[in-house]
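# Understanding the architecture of this molecule
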Amino acid sequence: MIPQSELRIGNQVLFKGKITKVTKTHFSTENKNGVFLNFSPITISGEVLLRCGCEYFSGAGEYKLSGYSIKPSTSNPLVFIVEPKYWSVELKSLHQFQNIVYSLSGKEAFYI
């Protein structure tokens, strides 16, 4: 289940077990009281970041995309932290990462 407020058209999620791009149709057919019951988040990982176009820098232990650093949290390796110059945000799923990338750059980060 994913709250409606976390999704936008173009996000990629698991829909009935398959990777699916969210469409306008999903908002009208799958949304039940502000929650997408048949959607599950895709857990963020190094592999997911690479497939979205990030580069990995082993010396720094971080990924980079459009000048932003993305690195595993020290407290939870399944949580990644995006760090521009003045703030950071924790990410647990692909759609959260896609929303941050889109908000900062206006570009999509598609899981290919």
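Before going into details, it helps to say that this report is about the structure given with it.

Quick notes on the rules
Residues numbered from 1 in each chain as written. Predicted model: local features only at pLDDT ≥ 70, side-chain atom pairs only at ≥ 80, totals over all residues. Heavy atoms only, no water. Pairing = 2+ DSSP bridges. Helix = DSSP H or I, 4+ residues; strand = E, 2+ residues; numbered from the N terminus. Polar contact = N/O pair within 3.5 Å; in protein donor to acceptor, adjacent residues only side chain to side chain. Core = buried A, V, L, I, M, F, W, Y, C linked by side-chain atoms within 4.5 Å. Buried < 20%, exposed > 50% of the residue type's maximum accessible area, 1.4 Å probe, protein only. Contact = heavy atoms within 4.5 Å.

The three strands are arranged β3-β2-β6 in an open sheet whose pairing can be described as antiparallel. At either margin of the open sheet sits one strand with a lone partner, and together these are β3 (18-21) and β6 (39-40). As defined by bridge partners, strand β2 (residues 12-15) adjoins β6 across two bridges and the pair is classed as antiparallel. Each residue of the ladder has a partner; that of Phe15, found in β6, is Phe39.

Moving on: the side chain of Ser69. Examined against the element boundaries, Ser69 turns out to sit in strand β9 (residues 68-72). A polar contact is formed between the side chain of Ser69 and the side chain of Glu62, at a distance of 3.5 Å. A distance of 3.0 Å separates the side chain of Ser69 from the side chain of Lys64, its partner in a polar contact.

Counting residues in hydrophobic clusters, the biggest one holds 18 residues, and the most contacted among them are Leu49, Cys52, Cys54, Ile70, Leu94 and Phe97. When residues of this core are traced back to their parent elements, those giving at least two are α2 (46-51), β8 (62-65), β10 (80-83) and α3 (94-105). Among the elements that take part in this core, α3 stands out by supplying four residues, more than any other. If sequence neighbours within four positions are ignored, Leu94 has contacts with Gln12, Ile42, Ile44, Val48, Cys52 and Tyr111.

On to the environment of Cys52. When you line up the elements, Cys52 lands in the loop between α2 and β7 (55-57). For Cys52, a relative accessible area of 9% puts it in the buried group. For the pair Cys52 and Phe97, spaced 45 residues apart in sequence, the C-alpha separation works out to 9.6 Å. With residues up to four places along the chain from it excluded, the contact list for Cys52 reads Leu94, Phe97, Ala109, Phe110 and Tyr111.

Pairing within the open sheet is antiparallel, and its three strands lie in the order β1-β5-β4. Where the open sheet ends on each side, the last strands, each with one partner, are β1 (2-3) and β4 (31-32). Two strands pair when backbone bridges link them, and β1 and strand β5 (residues 35-36) are joined in this way by two bridges, in the antiparallel orientation. The residue of β5 that forms the bridge with Pro3 is Val35.

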